[in-house]
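Descriptive structure summary
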Amino acid sequence: MNFNTKIPQPSVVTIGTFDGVHFGHQKIISRLISVAKTKNLASVLLTFFPHPRMVLQKDSDIKLINTLAEKDHILKGLGLSNLVVNKFTKDFSRLTAEDFVKDILVKQLNAKHVIIGYDHHFGRNRSANITDLKRFGEQFNFTVEEISAQDINEVSVSSTKIRKALLEGDIDIANQYLNYNFMLNGTVIRGKGIGKTIQFPTANIKIYETYKLIPKDGVYVIESTIDNKTVFGMMNIGNNPTVNGISKSIEVHFFDLNEDLYGKDLTIEILKRIRDEKKYESLNELKTQLKKDQKTAKTFIKNVR
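Residues numbered from 1 in each chain as written. Predicted model: local features only at pLDDT ≥ 70, side-chain atom pairs only at ≥ 80, totals over all residues. Heavy atoms only, no water.

**Here we look at the packing of aromatic side chains**
The relation between two aromatic rings is expressed through the spacing of the ring centres and the mutual angle of the planes. Rules: Geometry of aromatic contacts follows a simple scheme: Phe, Tyr and Trp rings, the Trp one being its six-membered ring, pair when their centres are within 6.5 Å, and the pair is stacked under 30 degrees between planes, edge-to-face over 60, tilted otherwise. Under the scheme used here, helices are H or I runs from DSSP no shorter than 4 residues and strands are E runs no shorter than 2 residues, and both carry numbers assigned from the N terminus. Exposure categories follow from relative accessible area, calculated using a 1.4 Å probe and restricted to protein chains: below 20% of the type maximum is buried, above 50% is exposed, and the middle band is partly exposed.
The tally for this structure, following the rule as stated, stands at 6 aromatic pairs. With a centroid separation of 5.6 Å and an interplanar angle of 50°, the aromatic rings of Phe-48 and Phe-92 are classed as tilted. Linking Phe-48 in strand E3 (residues 42-49) with Phe-92 in helix H4 (residues 90-93), this pair joins segments that are 44 residues apart in sequence. Each member of the pair, Phe-48 together with Phe-92, is buried. Geometrically, the ring pair formed by Phe-100 and Phe-122 is tilted, given 5.9 Å between the ring centres and 45° between the ring planes. In this pair, Phe-100 is assigned in helix H5 (residues 97-108) and Phe-122 in the loop between strand E5 (111-117) and helix H6 (130-140), connecting sequence segments 22 residues apart.

Here you go:
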């Protein structure tokens, strides 16, 4: 992942926020990489951070499916050579279409071929479209390839739909649209230690990127890799109402793992939602429920794996 980086070799470029890098995005990335190989060009995805809505709509509380690091990891896995992140500011948003093409696409990214969606708009007030881009291509010596409406609509997936599914706790739909398991990345921090007292020790996960979307409160089946070993477990997102918790936490109980995880950075993949968070009358009642959750989770893992 590179910030405002110049690409020295001729490249094929696509542009967008690509939040989620979902199934629809993956079709564009696949085409990008294919063209790069055929034409012997560097593959480049230009994205922007912060998300334009965070800058241009001050009241926007948009949360993103991926952190920048997650997006970089997913795109590298798909075979992309260069993720270039340009800082999005009000000044940047005022660039004219011609300046954007000349300064960003040509001078910064060395674009020789640009792949873009049929409805892509760019430049100040998003005033330029694909017709303008083709005209600039003739002027600045690059070709333009349009992803048709049919190709995009065929997929009928959007980042907005995925965000909605996650906020409603519909992890099955979210994972289906993403074409991979939704993930949370964070550091294990010290909690209150209440889980240990009822034989369900948990790793408290702190996510530092405040813009990261956290799914609906509840209990989930999860998977992680710790010391190159796949481990499963269950995760609670919520306020721990049984012990009168007041702030949201993310706590993971790993099955068959007895290890000090404090300070470790973990990737948690969410596989399934089990139930809503609920307040129980006592810790004993909570423990009984957690045993049921564990049985449900292990049955799911056995059946799926």
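**Here we look at the pattern of salt bridges**
Let me state the cut-off plainly: We count a salt bridge whenever a side-chain nitrogen from Lys or Arg sits within 4 Å of a carboxyl oxygen from Asp or Glu.
In the structure shown here, the tally under the stated rule is 15 salt bridges. Its salt-bridge partner being Asp-132, residue Arg-135 comes within 3.0 Å of it at the nearest N-O pair. Of this pair, Arg-135 and Asp-132 both sit in helix H6, 3 residues apart, which is roughly one turn of that helix. Judged by relative accessible area, which is 45%, Arg-135 ranks as partly exposed. Between Asp-293 and Arg-275 there is a salt bridge, with the nearest N and O atoms lying 2.7 Å from each other.

**Section: the sheet that holds strand E8 (residues 203-206)**
Strand pairing within a sheet occurs via backbone hydrogen bonds; the two strands may be parallel or antiparallel. To be explicit about the condition: In this analysis, strands are considered paired if DSSP registers two or more bridges between them. Helix axes are fitted to C-alpha atoms over the stretch in contact, other axes to C-alpha atoms as well, and angles between N-to-C directions run from 0 to 180 degrees.
Around the barrel, 6 strands lie side by side as E7-E8-E11-E10-E9-E12; this closed barrel has antiparallel pairing. Taken pair by pair, the neighbouring strands of this sheet meet at an average axis angle of 45°, ignoring direction. One ladder, built from 3 bridges, connects strand E7 (residues 183-189) with E8; its direction is antiparallel. Following the sheet pairing, Val-188 is matched in E8 by Ile-205.

**Some details on the confidence of the model for the chain**
We apply this condition: Confidence of the predictor in every single residue is expressed as pLDDT, which spans 0 to 100.
With 93% of its residues at a pLDDT of 70 or more, the chain shows a mean pLDDT of 90. Element-level pLDDT for the chain is lowest in helix H7 (residues 149-155), with a mean of 61, against a maximum mean of 97 in strand E12 (residues 265-275).

**Remarks on the packing of H5 against H6**
Here is the rule: Roughly parallel covers angles under 35 degrees, roughly antiparallel covers those over 145, roughly perpendicular covers 65 to 115, and oblique covers all other angles. Crossing handedness is read from the near helix: turned anticlockwise from the far helix by less than a right angle, it gives a left-handed crossing, and turned clockwise, a right-handed one. Note on definitions: a residue-residue contact is assigned when non-hydrogen atoms from the two residues lie within 4.5 Å. Three classes are used, and their members are as follows: Ala, Val, Leu, Ile, Met, Phe, Trp, Tyr, Cys and Pro are nonpolar, Asp, Glu, Lys and Arg are charged, and the others, Gly among them, are polar.
Here H5 crosses H6 at 55°, and the two axes come no closer than 11 Å. With respect to H6, the axis of H5 lies oblique. For H5 against H6, the interelement crossing comes out right-handed. Contact residues: H5 offers Ala-97, Glu-98, Val-101, Lys-102, Leu-105 and Val-106, while H6 offers Leu-133, Phe-136, Gln-139 and Phe-140. The residue makeup of the contact of H5 with H6, split by class, is 7 nonpolar, 1 polar and 2 charged.

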